[in-house]
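Structural features, examined
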Amino acid sequence: MTENSIIYEKSKDFAVRVVKLWKYLCNKGEQDISRQLKRSGTGIGANIIEGLYGASKKDFINKLCIAQKECNESLYWIDILHKTDFITDAEYDSIHNDCEEIARILAKIIKTSRKNIEEEDSTHNS
């Protein structure tokens, strides 16, 4: 199931980037904010994989909503790292854009999945 999941692959690639950024920032003496980013940035993919193997469609949506929250939190920590000059404009633009892309994809998947559940429910209740 995960082999064909674009969102899973993008979130895994993002997690790897976040861990590498965390290592880099630790070497620069910044550990607190980057640790928060590492937690939220790796949590995106962890929740996506849980959702892909969820017990139900509602469980799938719930896990993706949690992944979306982790994504939004990651955007916050990326902004803080940029505003405190721990990452350059180019580093910020790159990782921020990747995170925003994941957030957009998650939003579309959640919206479509909710719509599909509503349609199924209305078909079964007719």
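Here, every reference points to the structure presented above.
Residues numbered from 1 in each chain as written. Predicted model: local features only at pLDDT ≥ 70, side-chain atom pairs only at ≥ 80, totals over all residues. Heavy atoms only, no water.

Within the protein, the regular secondary structure consists of four helices and zero strands. Secondary structure elements of the protein occur, N-terminal to C-terminal, as α-α-α-α. For the protein, the spread of C-alpha atoms along the principal axes amounts to about 60 × 25 × 20 Å. Here the protein, with 126 residues, has 37% of them falling under the buried criterion. Partitioning the intrachain contacts of the protein with sequence separation of at least 6 by distance along the chain shows that 72% fall at a separation of at least 24. Working note: accessible area of the protein is about 7,600 Å², and carbon and sulfur atoms make up 51% of it. (Helix = DSSP H or I, 4+ residues; strand = E, 2+ residues; numbered from the N terminus. Buried < 20%, exposed > 50% of the residue type's maximum accessible area, 1.4 Å probe, protein only. Contact = heavy atoms within 4.5 Å. Areas by Shrake-Rupley, 256 points an atom, 1.4 Å probe, with all protein chains shown as cover.)

The relation between two aromatic rings is expressed through the spacing of the ring centres and the mutual angle of the planes. For the structure on display, the rule yields one aromatic pair. With a centroid separation of 4.9 Å and an interplanar angle of 70°, the aromatic rings of Tyr 76 and Trp 77 are classed as edge-to-face. Residue classification places Tyr 76 among the partly exposed residues on the basis of a relative accessible area of 47%. Take Trp 77: its relative accessible area is 17%, and that puts it in the buried class. Over the aromatic face of Trp 22 sits the side chain of Lys 38, whose NZ or CZ is 3.8 Å from the ring centroid. (Phe/Tyr/Trp six-rings, centres within 6.5 Å; stacked < 30°, edge-to-face > 60°. Lys NZ or Arg CZ within 6 Å of the ring centre and 35° of its normal.)

This brings us to the packing of helix H2 (residues 32–52) against helix H3 (residues 57–83). At a minimum axis distance of 8 Å, the contact between H2 and H3 shows a crossing angle of 160°. Relative to H3, the element H2 lies roughly antiparallel. Read as a crossing pair, H2 and H3 show a hand that is left-handed. When its residues are assigned to classes, the contact of H2 with H3 shows 14 nonpolar, eight polar and five charged. (Axes fitted to C-alpha atoms, helices over the stretch in contact; angles between N-to-C directions. Parallel < 35°, antiparallel > 145°, perpendicular 65-115°, else oblique. Left-handed = near helix turned anticlockwise from the far one by under 90°. Nonpolar A, V, L, I, M, F, W, Y, C, P; charged D, E, K, R; others polar.)

A word on the packing of helix H1 (residues 6–27) against H2. In contact at an axis separation of 9 Å, H1 and H2 are set at 160° when each is read in the N-to-C sense. Accordingly, the angle class assigned to the pair H1 and H2 is roughly antiparallel. In this structure, H1 meets H2 at a crossing whose hand is left-handed. Residues Ile 7, Tyr 8, Ser 11, Phe 14, Ala 15, Val 18, Val 19, Leu 21, Trp 22, Leu 25 and Cys 26 of H1 touch H2, and the partners they reach there are Ser 34, Arg 35, Leu 37, Lys 38, Gly 41, Thr 42, Ile 44, Gly 45, Ile 48, Ile 49 and Leu 52. Looking at side-chain class alone, the contact of H1 with H2 contains 15 nonpolar, five polar and two charged residues.

Now for the nonpolar core. Within the largest apolar cluster, 29 residues are counted, with the highest numbers of intra-cluster contacts made by Phe 14, Ile 44, Ile 48, Ile 78 and Leu 106. Secondary-structure elements contributing two or more residues to this core are H1, H2, H3 and helix H4 (89–125). For this core, the leading source of residues is H3, giving nine residues. (Core = buried A, V, L, I, M, F, W, Y, C linked by side-chain atoms within 4.5 Å.)

Looking now at unusual backbone geometry. Of note, Asp 85 is a non-glycine position whose phi angle comes to about 65°, a positive value. Relative to the helices and strands, Asp 85 resides in the loop between H3 and H4.

What is shown is where atoms sit, not what they do.
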